[in-house]
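# What the coordinates show
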Amino acid sequence: MSITLASWNVNSVRVRMPQIETWLESRPADLLALQETKTPDPLFPAVDFHARGFTSVYRGQAAYNGVAILAREPLDRVEDELDPAFPDRRFLSAQTGSGFHLVNIYAPNGESLESDKFRYKCAWYAALVERLRGLLRIHPKLALVGDFNLAPAGCDVYDPEAFEGSVLTDPRIRCYFAELEALGLVDAYRYQHPDQTAFSWWDYRRGAARRGEGLRIDLILLSEALLPRLRQSGIAEEIRSHPRPSDHAPVWVELDP
DNA sequence: ATGACAAGCTTCGCTTGA
């Protein structure tokens, strides 16, 4: 039996519970990393996930951000802070029962290149690179998953020219992504589908999804030591056909046990 | 140049997202 690891920016875990349950019926993931839960911890629906066979760890806050990991096996060595300089709930890591370390991130968007939020995004990514450098020494088998708020390359953007000057494609942010790759982390979907145009996010406005105008910003990166276990990868965009979709689709990999 | 959708809080309007 293979292990399914998935990541999904749900844009409010409480609103999206029906879609999450529907998707888990079609693909019973063993590990599911959520982003933008937008839910304070006392209101996280841990009981509902437990009823479906998942233990969960979650670090949320009111209105913004929030990350969680759902797992069918116990999670160990949970860490929830990227760095004391970044207190918002965007980072959660744990040792999984499937023999690898899982790091779940919700990267800052950055708003615009001139914004203080963009400077924050750059500093956050610099801290992430250093944190991963340290984690990989301790946990060579590691998966870094989540909403990266960056499209790695032009083929991950429906109209690269329209996104010139965007915080999602800026060369400085892509440089941080290259630093993650230099640590031996491999974009699983792109590794298996080098020429495929596929997206994981569509703007709610302008009927972007209907027009196929999306970006691939939700990623699963596997370390060199974990990559040999990669069997399949995909993006579950079909789940967005159900009522009240998130603006992101789940991304997933199947790993050998 | 702007807004368009969606969600949550600041709740019948505003902020943020990407």
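That block above? That's the structure.
Right, let's walk through the structure included here. (Residues numbered from 1 in each chain as written. Chains lettered and ligands numbered in written order. Predicted model: local features only at pLDDT ≥ 70, side-chain atom pairs only at ≥ 80, totals over all residues. Heavy atoms only, no water.)

### Focus: the overall build of chain A
From N to C terminus, chain A includes five helices and 14 strands. Taken over C-alpha atoms, the radius of gyration comes to 17 Å for chain A, in line with the 18 Å a tight globule of 257 residues would show. For the C-alpha atoms alone, the extent of chain A along its principal axes is close to 45 × 45 × 35 Å. Considering chain A as a whole, with its 257 residues, one finds that 56% of them fall into the buried category. (Helix = DSSP H or I, 4+ residues; strand = E, 2+ residues; numbered from the N terminus. Rg over C-alpha atoms; globule rule 2.2 N^0.38 Å. Buried < 20%, exposed > 50% of the residue type's maximum accessible area, 1.4 Å probe, protein only.)

### Topic: the nonpolar core
One recurring pattern in soluble globular proteins: nonpolar side chains tend to sit buried together. By size, the foremost hydrophobic cluster in this structure holds 35 residues, and its most contacted members are Tyr-125, Leu-128, Leu-144, Phe-148 and Leu-180. At the level of secondary structure, the elements contributing two or more residues to this core comprise β7 (101–106), α3 (116–138), β8 (142–147), α4 (171–182) and β12 (218–222). In terms of residue count, the dominant contributor to this core is α3 (10 residues). In contact with Tyr-125, not counting residues within four places along its chain, are Ala-107, Phe-148, Leu-150, Ile-173, Tyr-176 and Leu-180. One finds Ala-33, Ile-220, Leu-227 and Val-253 within the second-largest nonpolar core, a separate group that totals 31 residues. (Core = buried A, V, L, I, M, F, W, Y, C linked by side-chain atoms within 4.5 Å. Contact = heavy atoms within 4.5 Å.)

### Remarks on the state of the cysteines
Overall, the coordinates contain zero disulfides when judged by the stated rule. Between Cys-122, a free cysteine, and Cys-175, which holds the nearest cysteine sulfur, the sulfur-to-sulfur gap is 10.0 Å. Cys-122 gets classed as buried once you look at its relative accessible area, which sits at 12%. On the accessibility criterion, Cys-175 (43% relative accessible area) is partly exposed. (Disulfide = S-S within 2.5 Å.)

### Digging into the protein's contact with DNA strand B
Close to DNA strand B lie 23 residues, the nearest being Ser-12, Glu-36, Tyr-106, Asn-109 and Arg-244. Of what DNA strand B places within 4 Å of the protein, 58% of the atoms are sugar or phosphate. Within the side chain of Asn-9, an N or O atom sits 3.5 Å from a phosphate oxygen of DNA strand B. Among the residues forming the surface near DNA strand B, the class breakdown is nine nonpolar, six polar and eight charged. (Near = heavy atom within 4 Å. Polar contact = N/O pair within 3.5 Å; in protein donor to acceptor, adjacent residues only side chain to side chain. Nonpolar A, V, L, I, M, F, W, Y, C, P; charged D, E, K, R; others polar.)

### Here's the deal with the sheet that holds strand β9 (residues 186–187)
One open sheet accounts for six strands, arranged β5-β6-β7-β8-β12-β9; its pairing is mixed. Only two strands of the sheet have a single neighbouring strand rather than two, namely β5 (76–79) and β9. With two bridges joining them, β5 and strand β6 (residues 91–95) adopt antiparallel strand pairing. When the sheet's bridge partners are listed, Asp-76 is paired in β6 with Gln-95. (Pairing = 2+ DSSP bridges.)

### Digging into helix α1 (residues 17–26)
All of the buried residues in α1 are Met-17, Gln-19, Ile-20, Trp-23 and Leu-24. Considered in projection along α1, the buried side chains sweep an arc of 160° and stay on one side of the axis. Residues of α1 that are exposed and point over 90 degrees away from its buried face: Pro-18, Glu-25 and Ser-26. (Arc of directions from axis to C-beta.)

### Focus on empty space enclosed by the protein
Counted under the stated rule, the structure contains one cavity of 30 Å³ or more. By volume, the largest cavity is sized at about 60 Å³. Lining the largest cavity are Ala-188, Tyr-189, Arg-216, Asp-218, Leu-219, Ile-220, Ser-233, Gly-234, Ile-235, Val-251, Trp-252 and Val-253. Elements with a contribution of two residues or more to the lining of the largest cavity: α5 (188–192), β12, β13 (230–235) and β14 (251–255). Taken together, the residues of the lining of the largest cavity break down into eight nonpolar, two polar and two charged. (1 Å grid on protein atoms, 1.4 Å probe; cavity = no way out; pocket = protein on both sides within 12 Å on 5 of 7 lines; lining within 4 Å. Points joined across faces, edges and corners; volume = space filled by probe spheres on them.)

### Some remarks on α4
The terminal C-alpha atoms of α4, which comprises 12 residues, lie 16 Å apart, in line with the 16 Å expected from a rise of 1.5 Å per residue. Every buried residue belonging to α4 is among Ile-173, Tyr-176, Phe-177 and Leu-180, and all of these are buried. Axial view of α4: buried residues confined to an arc of 100°, hence all on one face. Turned more than 90 degrees off the buried face of α4, the exposed positions are Pro-171 and Ala-182. (Expected span 1.5 Å × (residues − 1).)

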